[in-house]
Protein chains: 2
Amino acid sequence: MAQTDPDGALTGLRVLDLSHGIAGPFAARLLGDHGADVIKIERPITGDFARTLPPLKQDAPFPEQSLLFQYLNWNKRSLALDLRLAENKPTLQKLVEQSDIVIESFRPGRLESWGLGVDQLLDWQPKLVVTSVTNFGQTGPYAQYAASDLTLQALSGIMQISGQVDREPLKHGLSQSFYCAGLTAAYASIMAYTAAQADQFGEHVDVSIHECLASELVLNQSYYAFLGAVQGRRAIVQDPFAGEPIATRKGYLAFQTGGGAPFETFAELFDRPEFLEKRFSSPPEREKRVAEVKALLEECVADRDAKEVFLAGAQKRLLLGVVQSAEDLLHCEHLKERQSFVEIDHPATSTQLRFPAELAKLSLTPTSVRRRSPTLDEHRTEILAQIGRGR
Amino acid sequence: MAQTDPDGALTGLRVLDLSHGIAGPFAARLLGDHGADVIKIERPITGDFARTLPPLKQDAPFPEQSLLFQYLNWNKRSLALDLRLAENKPTLQKLVEQSDIVIESFRPGRLESWGLGVDQLLDWQPKLVVTSVTNFGQTGPYAQYAASDLTLQALSGIMQISGQVDREPLKHGLSQSFYCAGLTAAYASIMAYTAAQADQFGEHVDVSIHECLASELVLNQSYYAFLGAVQGRRAIVQDPFAGEPIATRKGYLAFQTGGGAPFETFAELFDRPEFLEKRFSSPPEREKRVAEVKALLEECVADRDAKEVFLAGAQKRLLLGVVQSAEDLLHCEHLKERQSFVEIDHPATSTQLRFPAELAKLSLTPTSVRRRSPTLDEHRTEILAQIGRGR
């Protein structure tokens, strides 16, 4: 077996990150995590607008306050460059000539309007992969529309099936649409890079956040097309063993049948033989007496903590969903043992930040955080020297 | 510029899909969509357990009823092989020798117990990438626990921040944790493959669905660690312009400030100058009179359809989230123009199935559905002939 290569799987790969916000920068960071050398171009003075996104650290100077920015931009070096100015075009050309992948997230047509369209970039570097991550993609009638995580979740059909049928549709927490599109952009960039290595031709990768959500996270269009039925939100009354969270002494716990253990194991877990009776042990019977089942379950966990019940049940391969909070996650013994978090210095204060850092563990070429997120324009001198010198 | 290569970016790549369920098969399918040759190994008689997952097509014969299976396994050929039997080991060895990537999702330790652990596979093919996609990863105290989409969403902290603060935590629709892990497994496999091409050494990629969710889709651990505040579910009372869906004559519509247009544009959209008054135009003032703002918005959309208002507002770059249903998505003019859906034959009936099919559009090496999902063991003869012949 080979030695571990601490430089990562993509060592030698050069990425130019022209993007801003969440999805594009997350994609570029994932490539950086696997060893790519990533140069981030930001507009002068204000930088990437993600530098203004909350949560903000008030004791840090502008534009170094955003926690989110810190999370999305490690393993990158920063150069401030106004792409709208023709005088900066030669600098960008040099950067592009030394890149394998460009990631950008401008509104479709904007780069072209500055004389920096995909054709121009490919003219400068014919093996280049240009990945565009935008709300609605490069084509189609919605291409120029504004969007947010909320509007994208609504439009993609996810909200329609989330929440309960008697209430409004629900949006999922945080900005998951953007993270999902970022993942997609990262993998599609590498696919295209693999092809460019083989056939010597670069190409344009068009990632639509709307499409990622509509196509990948939901199967409900097919559900409809296939069965003629519209999948809706959850029923109000349902078997408590179908996953509705139950309040314990401390925290919520969801119960679910299936998994590796028979239903009888719940009786064993709580030492309550009632669960073996037909009125509790069969799903159609439970549906008939939801209140009774729920009351019994609540009684079983009233003087226990959700986490403790989860651990006892999990040993028996029961399906128990303990609803973990942020604090729980930071203390989660499993994530701790797997070293899922990294501690990173804040660039402008003495604080240490703790972030989740690894999506996939590669045995020989592990991901790593080699540098914290850059301050705006932090690496101007070294980047300009590097491109002045050529490769 | 080069000609389009209809074979895809990963043409020539060989993938052996030993996985079952959603995450692993989705990862293998994504590689297949980009041109990889994917052989799927299923257990005899029943096949991948996803063949039993709903929605089911009752007029198709077992085990060809599951719509979900059809979605997850196109661009693959199927061979039924019982990996538990020593007599099948030489066949598997031949298959592994002719593969670049193996994707598997067995409980940690199971492949080892059959004499097919990662070391054995790498012994047969030293440049092989073995990607394991499991609930909790290969290591750590939870590694052997059972899990489901629900329990993983709970454990990863997503439920804690989803829904409203006065109600129980909510699970997101469908099985998004698995799709997300599938995406991660696909990109991590290609990263590792790129490294193996460069240094001639394969490796083991360990993807934990729990970790994918906990690390990538939520930033709330950091939120907590950074600010000492626990991010909770949404407040009950909030500005109607913060995204709570409003019922229109037909469908729900969410309103949000920000995006490309100033707040005044809402006044223009509805031809209602009231929105310009301070009590409506400033967020803190709106917070004070939520019921009044909501009533005014409801009045504005009472005799209009959500989609129509969305289109009118989107032209002005307002942020409007029209909550689309499955039916809406199938008729979405934007997805239609972008050709986001494919029509695929059902293998065992004369039905045509319609699925979302593309996550990223690569200009020169487009993804494609070259074959529908296989029936169980459909390609036995050709696969065995192929490996009998050697490469």
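What you see is a predicted model, and the numbers here were worked out from it, not measured in a lab. (Residues numbered from 1 in each chain as written. Chains lettered and ligands numbered in written order. Predicted model: local features only at pLDDT ≥ 70, side-chain atom pairs only at ≥ 80, totals over all residues. Heavy atoms only, no water.)

1. A few points about helix α7 (residues 176-199) of chain B
All names here are of chain B. The following threshold applies: Under the scheme used here, helices are H or I runs from DSSP no shorter than 4 residues and strands are E runs no shorter than 2 residues, and both carry numbers assigned from the N terminus. A helix is expected to span 1.5 Å for every residue after the first. Per-residue accessibility, obtained with a 1.4 Å probe over protein chains only, is compared with the maximum for each type, and a residue is labelled buried under 20%, exposed over 50%, and partly exposed between these values.
The first and last C-alpha atoms of α7 sit 35 Å apart over 24 residues, in line with the 34 Å expected at 1.5 Å per residue. By the criterion of burial, α7 is predominantly enclosed, with 21 of the 24 residues buried. Directly beyond the C-terminal end of α7, a positive phi value near 70 degrees is found at Gln200.

2. Some details on the packing of helix α3 (residues 89-97) of chain A against helix α17 (residues 380-388) of chain A
Residues and elements named next belong to chain A. Here is the rule we go by: Axis geometry follows a simple rule: fit a line to the C-alpha atoms, using only the stretch in contact for helices, then measure angles between N-to-C directions, giving values from 0 to 180 degrees. Orientation labels follow simple angle bins: below 35 degrees gives roughly parallel, above 145 gives roughly antiparallel, 65 to 115 gives roughly perpendicular, and whatever is left gives oblique. Two residues qualify as a contact provided that any one of their heavy atoms is within 4.5 Å of a heavy atom in the partner residue. Side-chain classes follow a simple rule in which Ala, Val, Leu, Ile, Met, Phe, Trp, Tyr, Cys and Pro form the nonpolar group, Asp, Glu, Lys and Arg form the charged group, and the remainder, Gly included, forms the polar group.
Packing of α3 against α17 leaves a shortest axis separation of 10 Å and a crossing angle of 75 degrees. Taken together, the axes of α3 and α17 are roughly perpendicular relative to one another. Residues Thr91, Lys94 and Leu95 of α3 lie in contact with α17, whose contacting residues are Ile383, Leu384 and Ile387. Looking at side-chain class alone, the contact of α3 with α17 contains four nonpolar, one polar and one charged residues.

3. Let's talk about the sheet that holds strand β3 (residues 76-80) of chain B
Cut-off, in case you're wondering: Here, any two strands with at least 2 DSSP bridges between them count as paired.
The strand order β12(A)-β6(B)-β5(B)-β4(B)-β1(B)-β2(B)-β3(B) describes an open sheet built from seven strands, whose pairing is mixed. Only two strands of the sheet have a single neighbouring strand rather than two, namely β12 (361-362) of chain A together with β3 of chain B. In this sheet, β3 of chain B lies alongside strand β2 (residues 37-42) of chain B in parallel orientation, the contact comprising five bridges. Across the sheet, the residue bridging to Glu42 of chain B is Ala80 of chain B, located in β3 of chain B. Lying over the sheet, α7 of chain B contacts β12 of chain A together with β4 (101-104), β5 (129-134) and β6 (203-208) of chain B, oriented at roughly 160 degrees with respect to β5 of chain B. On the sheet, helix α17 (residues 380-388) of chain B packs against β2 and β3 of chain B and is oriented at approximately 90 degrees with respect to β3 of chain B.

4. What about the confidence of the model for chain A?
One rule of thumb: low pLDDT means the predicted coordinates there are not for detailed reading. All names here are of chain A. To keep it simple, the criterion reads: Per-residue confidence from the predictor is given as pLDDT, running between 0 and 100.
Of all residues in chain A, 88% attain a pLDDT of 70 or more, and the chain-wide mean is 85. Taken together, the stretch residues 226-236 has pLDDT below 50 and engages in 38 contacts with residues farther than four places along the chain or on a different chain. Of the two predicted TM-score estimates for the complex, the pTM is 0.86 and the ipTM is 0.85.

5. Digging into the pairing of strand β10 (residues 341-345) of chain B
All names here are of chain B. Judged from the five bridges that link them, β10 and strand β11 (residues 352-356) form a sheet pairing that is antiparallel. In the sheet register, Val342 faces β11, and the bridge partner there is Phe355. Here β10 hands over to β11 after six residues, the two strands then running antiparallel side by side.

6. Some words on the packing of helix α1 (residues 23-33) of chain A against helix α7 (residues 176-199) of chain A
Residues and elements named next belong to chain A. For the record, the criterion: Two helices that cross are described as forming a left-handed crossing if the nearer one is turned anticlockwise from the farther one by less than a right angle, and a right-handed crossing if clockwise.
Put simply, α1 and α7 touch, their axes get as near as 7 Å, and they point 50 degrees apart. Relative to α7, the element α1 lies oblique. The handedness of the crossing between α1 and α7 is right-handed. Counting all contacts with α1, which are made through Ala23, Phe26, Ala27, Leu30 and Leu31, the residues of α7 involved are Phe178, Tyr179, Ala181, Gly182, Leu183, Ala185, Ala186 and Ile190.

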